[in-house]
Each structure stands twice: as C-alpha cells, then as structure tokens.
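Chain by chain, the residues:
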Amino acid sequence: MFPDRSITIAINNAILIVAVKNLFDTEGVPGFVKALVILIESLLIKSGVDCPHCGKDKHHLHSKSDRKLKTSIGEVNLVLTRLLCLSCKKTFNPMAQLFDLDKYSRKSSSLQGFLDLVRETTSSYPACPDWEWPHV
Ligand SMILES: [Zn+2]
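Residues numbered from 1 in each chain as written. Predicted model: local features only at pLDDT ≥ 70, side-chain atom pairs only at ≥ 80, totals over all residues.

**As for the overall build of the protein chain**
The cut-off we apply is this: Each helix is a run of DSSP H or I of at least 4 residues and each strand a run of E of at least 2, with the numbering of both proceeding from the N terminus.
Scanning the protein chain from N- to C-terminus turns up three helices and three strands. Reading the protein chain from its N end, one meets helices and strands in the order α-β-β-β-α-α.

**Description of the sheet that holds strand S2 (residues 74–85)**
Rule in force here: Only when DSSP finds a minimum of two bridges between them are two strands counted as paired.
Strand order in the open sheet formed by three strands is S1-S2-S3, and the pairing between neighbours is antiparallel. Of all strands in the sheet, those with a lone pairing partner are strand S1 (59–71) and strand S3 (91–92), marking the two edges. The pairing of S1 with S2 spans 12 bridges and is classified as antiparallel. From the neighbouring strand, His60 faces S2, where its bridge partner is Leu84.

**Side note on the nonpolar core**
This is how it is decided: Defined on buried residues, the nonpolar core groups Ala, Val, Leu, Ile, Met, Phe, Trp, Tyr and Cys residues joined through C-beta atoms within 7 Å. Exposure classification rests on a simple neighbour count of other C-beta atoms within 10 Å of a residue's own: a residue reaching 20 or more is buried, one at 12 or fewer is exposed, and one in between is partly exposed. C-beta atoms are placed from the backbone.
Formed by Val33, Val37, Leu69, Val76, Leu78, Met95, Ala96, Phe99, Leu101 and Leu111, the largest nonpolar core amounts to 10 residues. Listing elements by their share of this core, those giving two or more residues are helix H1 (5–47), S2 and helix H2 (94–98).

**Comments concerning the environment of Leu44**
Where we set the bar: Residue pairs are scored as contacts if the distance between their C-beta atoms, which are placed from the backbone, is within 7 Å.
Mapped onto the fold, Leu44 is located in helix H1. The spacing of Leu44 and Pro94 is 50 residues in sequence and 7.9 Å in space, taken between C-alpha atoms. With near-sequence residues (within four places) excluded, Leu44 lies in contact with Val49, Pro94 and Leu98.

**Some words on the confidence of the model for the protein chain**
Threshold: Confidence scores labelled pLDDT are given residue by residue by the predictor and lie between 0 and 100.
Here the protein chain shows a mean pLDDT of 83. Residues at 70 or above account for 87%. Within the protein chain, the lowest mean pLDDT, 81, falls on helix H3 (residues 109–122), and the highest, 94, falls on S3.

**Quick look at the environment of Leu98**
Along the chain, the position of Leu98 falls in helix H2. Classification of Leu98 by C-beta neighbours within 10 Å gives partly exposed; the count is 17. Residues Leu98 and Leu44, 54 residues apart in the sequence, show an inter-C-alpha distance of 9.7 Å. Setting aside chain neighbours within four positions, we find Leu98 in contact with Leu44 and Ser110.

Here is the structure:
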C-alpha cells in the first residue's frame, strides 16, 4: 500500500517547515534567503527557461557556483546554477538573469527589492516607523 498522495505532500511540507526553522536558527535570515533562492531557482528551471542566446528551452545542468551578494540583511551567499544550452552550446545562469546580475556584480537591486517585499509582507511592524496617517 502506498500512502495517499496528500499525506505524502503533508509529510514533505512538514519536513520543509522543520528544515526552514533549523536553517533560521543556525544561519538566520541570509541562510533562509539562500534556501528560498535555491527553491525559486529549481521552480524556475522546472517551469522551463529559454536560452537568452538562441531562445530554445532544452538545456543540461552545467555547473553550480557561489555568489556573495551584499544586501540590507547582510551578506547572502547564493548558490547559482549554470545551464548549458543543448542547441547553441552556450551557458547561462537563469537566476542571474532574474536578479539582473552580471558576471562580477556584488549587489542586486532586484534581490534587494525582493527582500524589501518579503520584509514588508511578513513584518507586523510598519515598514517606516516615522510614518503617520496624514492629518486632513
Ligand atoms: Zn541557446
């Protein structure tokens, strides 16, 4: 007997929640962001990415590389995947495209914007403490 699919998903989610909590405890927010970026990258690659050089969507894993980025929450060490296009044989990095990174960038305004959005949507405190309702 195989377990019901919804039970499997529930177990996987529970494992993920525990893993994220452990990550938070040991590595803090930058570790969490790193894991989040790995998750987004795998979803992005699974959903299909087009080669920026020729536009085809058939590719193989080429390599993984570390990239340290400076953000408002501290240094985030991202692990980025490089894909090899099977059509034109050139390599590309889907997350670097998404985060608007060139080869040597140490900052990403897109990643920073994403972090600001996460903070705004998850924080129970106002994003700007000095802000007040305008007096009419
Ligand atoms: Zn290509």
